[in-house]
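Summary of structural features
Take a look at the letters that make up each chain.
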Amino acid sequence: MDNSYIIAIDFGTAYSGYAFSLTKREAETEPRLKYWGQQVSLRTPKTPTCILFDEHEKFLSFGYEAQSAYFRTRGDEARKKFFFECFKMSLYGKKLNSDVKIEAANGRSMKALKVFTEALRYLKDDALKFISENAGGKQFIASDFTWVVTVPAIWDPSAKQFMREAATQAGIVTGGKEDRLAIALEAEAASVWCMKLPADGFKTENNSDVTFKQASGTQYIVVDCGGGTIDITVHEVLEGGALKELHKASGNDLGGQTVDNKFKEFLREIFSDSLWDAYEKEQPGELQKLMYDISVLKENDDDVEISCPYNLGEMANKKQKMEKFFESVRGVSWNQGSIKILKEKVRSFYADSLNGITKSLKEILKKDFTIKYILLVGGYAQSLILRQHITNQFGGQCKVLCPSHPQEAIMKGAVMFGRNPALVASRISAFTYGVSLSLRFDASKHRADKKYTNKEGEWCDGIFCVLVKENEEVGWDKTSEYSCTPIERDQTAITFAFYRTERNIQGLMYVDEWGVEKIGSIILESPDTARGMNREIKLQIKFGATEMTATAIDVDSGSTVKTELDFMAKSMRSIRNNVWQK
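Taking an unreviewed UniProt entry as the reference, the chain is identified by name as Heat shock protein family A (Hsp70) member 12A.2 belonging to Oreochromis niloticus. In the Sequence similarities (unreviewed entry) part of its UniProt record, the chain is described as follows: "Belongs to the heat shock protein 70 family."

Remarks on the overall build of the chain
Broken down by element type, the chain carries 15 helices and 32 strands. Taken over the C-alpha trace, the chain has a radius of gyration of 26 Å; the compact-globule value for 582 residues is 25 Å, and the two agree within 12%. Dimensions of the chain, computed from the C-alpha atoms along their principal axes, are close to 85 × 55 × 55 Å. The proportion of buried residues among the 582 residues of the chain is 56%. Per element, the accessible surface of the chain, about 24,700 Å² overall, is 46% carbon and sulfur.

With respect to the domain arrangement of the chain
Size of an interface: often given as the accessible area lost when the parts come together. Domain assignment breaks the chain into domain 1 (5–188), domain 2 (256–347) and domain 3 (431–579). Inter-centroid distance (C-alpha atoms) of domain 1 to domain 3 is 35 Å. Contacts between domain 1 and domain 3 engage 16 residues on the former and 11 residues on the latter. A buried area of about 1,200 Å², summed over both sides, lies between domain 1 and domain 3, and 53% of it is on carbon and sulfur atoms.

Quick word on the environment of Leu 342
Structurally, Leu 342 is set in the loop between β18 (338–341) and α12 (343–348). Take Leu 342: its relative accessible area is 38%, and that puts it in the partly exposed class. Each C-alpha atom of the pair Leu 342 and Asp 303 lies 4.6 Å from the other, and the pair is 39 residues apart in sequence. The residues contacting Leu 342, other than those within four sequence positions of it, are Asp 303 and Gly 331.

Section: the packing of aromatic side chains
Geometrically, a pair of aromatic rings is defined through the distance of the ring centres and the angle of the planes. Scanning the entire structure with this criterion turns up 29 aromatic pairs. Taking the centre distance of 6.5 Å and the plane angle of 65 degrees together, the rings of Tyr 18 and Phe 130 count as edge-to-face. Linking Tyr 18 in strand β2 (residues 15–21) with Phe 130 in helix α4 (residues 112–133), this pair joins segments that are 112 residues apart in sequence. Over the ring of Phe 431 we find Arg 500, and its NZ or CZ is 4.0 Å from the ring centre. Note that Arg 503 overlies the ring of Trp 514, its terminal NZ or CZ placed 4.3 Å from the centroid.

Digging into the sheet that holds strand β20 (residues 399–403)
As summarised here, the arrangement of the 8 strands in space is β12-β20-β19-β13-β14-β15-β21-β25, forming an open sheet in which the pairing is mixed. Strands at the two margins of the open sheet, each flanked by one partner only, are β12 (202–203) and β25 (473–475).

Topic: the pattern of salt bridges
Tallied over the full model, the rule gives 41 salt bridges. The residue Arg 268 makes a salt bridge to Asp 273 at a minimum N-O spacing of 3.4 Å. Taken together, the shared-partner salt bridges connect Lys 264, Arg 268, Asp 273, Asp 277 and Glu 280 into one network.

Cut-offs used in this document
- Residues numbered from 1 in each chain as written.
- Predicted model: local features only at pLDDT ≥ 70, side-chain atom pairs only at ≥ 80, totals over all residues.
- Heavy atoms only, no water.
- UniProt positions renumbered as here; feature names shortened; annotations may be inferred.
- Helix = DSSP H or I, 4+ residues; strand = E, 2+ residues; numbered from the N terminus.
- Rg over C-alpha atoms; globule rule 2.2 N^0.38 Å.
- Buried < 20%, exposed > 50% of the residue type's maximum accessible area, 1.4 Å probe, protein only.
- Areas by Shrake-Rupley, 256 points an atom, 1.4 Å probe, with all protein chains shown as cover.
- Domains from an automatic or database assignment.
- Contact = heavy atoms within 4.5 Å.
- Buried area = accessible area lost by both parts, 1.4 Å probe.
- Phe/Tyr/Trp six-rings, centres within 6.5 Å; stacked < 30°, edge-to-face > 60°.
- Lys NZ or Arg CZ within 6 Å of the ring centre and 35° of its normal.
- Pairing = 2+ DSSP bridges.
- Salt bridge = Lys/Arg side-chain N within 4 Å of Asp/Glu carboxyl O.

Below you can see the structure in the form of structure tokens.
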């Protein structure tokens, strides 16, 4: 199979799209992409991350098509349908399992896994169809390609696993071929793409030299400004052009949606809680159209004029004259059917988001790095207000640059990453990771309540055995190996429970101490018990890739189980350890 056949899906909070390659040159230098929006007279590199289901939860449409169909629906009809937009943020900061539900615009809920699966299925099918149409009619199937799905680096491991599960259910990969799907971190993918751009492929807000010099030793920050999250990574260019992460991934949930929500809060202030609540309930389709119109306005730094939607105007006029709503609210006026918001008021909607980005960047720039550039990427980076703010705050310390097409950077970089994961040579561990083990009980060292007895003697349960430390540099393909043995001679299954912490580990001994969080587990069958407790069990873990994977080996029998750690277990109850280190 040609490893130049790559499809990368950038599943964004506000917009989604894909890039692809069919040749080595495309995979390494210029991936192709589809442009969307023909049906609404647009040509954009991504389509809105919107999906529409009927009242029986049957998939209807995705993207511009779903948006247009929902905007046209009225009252009762709209309330029957399940319309989801910006639903990716439902995974942020949450421990996930396959039963988690998310709320649609009509207030009813569906299983998140189904929503994500159908969205990815649509993007998969559309990509295969589009590529076939543009490859002289040659037909392709999913297994012809290596697939890449992008996620924010600051996501919880359970969210990354959730995306992999959705991709599998969508038919992107099949059992036994899980390695044909790679998870790429969005800011990293953008960084990889920026490294391939010509030195003058960027724009700047202060008319300074806009070249991005990519010499060995150059250190720079990439700020992925998405609709939902702000994802920040710090890279250094290595000899040969690969990248090394200098600082663990950081960021927040103050992306472009934060600004949209401030607009919505302001409209509520104008029209009153009671009227706005009724409008949200009775006209969900019209409201979604209004919010889409507002989101498009973020690119400019000017007074904003929004055409008042018909039904909002009708509902408002029944209460009082339209002009009355605007008399006591500053920064806005009614202008012959339009809502005019002054530039200064619009800028205030950005305050929380910009303050969050500024705080994160200041934290990084305080460290002992030599940062030469800040690169702004992602759809929200198209906002002039955002670019000017970052330039004003940090332009004196380093050059602030934005690629000419910031919305395309992640998709195209993800194709290149799929071709060569070694482009990011090492990463910084965001946590201290450990595994729970048992040790022979020692009354002088161990807590009495951790003591338990089996037929092999007395044990101390729940010892936190460090696997990798927070801020430790880990090679992308480095495997760490650990050796242990069963705690009972006739034991036929070994459970490994994994934990993480951000606390100082000096003095940390047990997995049930404050600040320690269980993240997942794996089970290894060990059927050959002939050597009893002298059997050797090897645990091999890769921490440096975008997903943690573990291989457990029963050395005596030679049986091997390779698995991704299960971060989505419904129950994270405590499991008694059944392995120990001599």
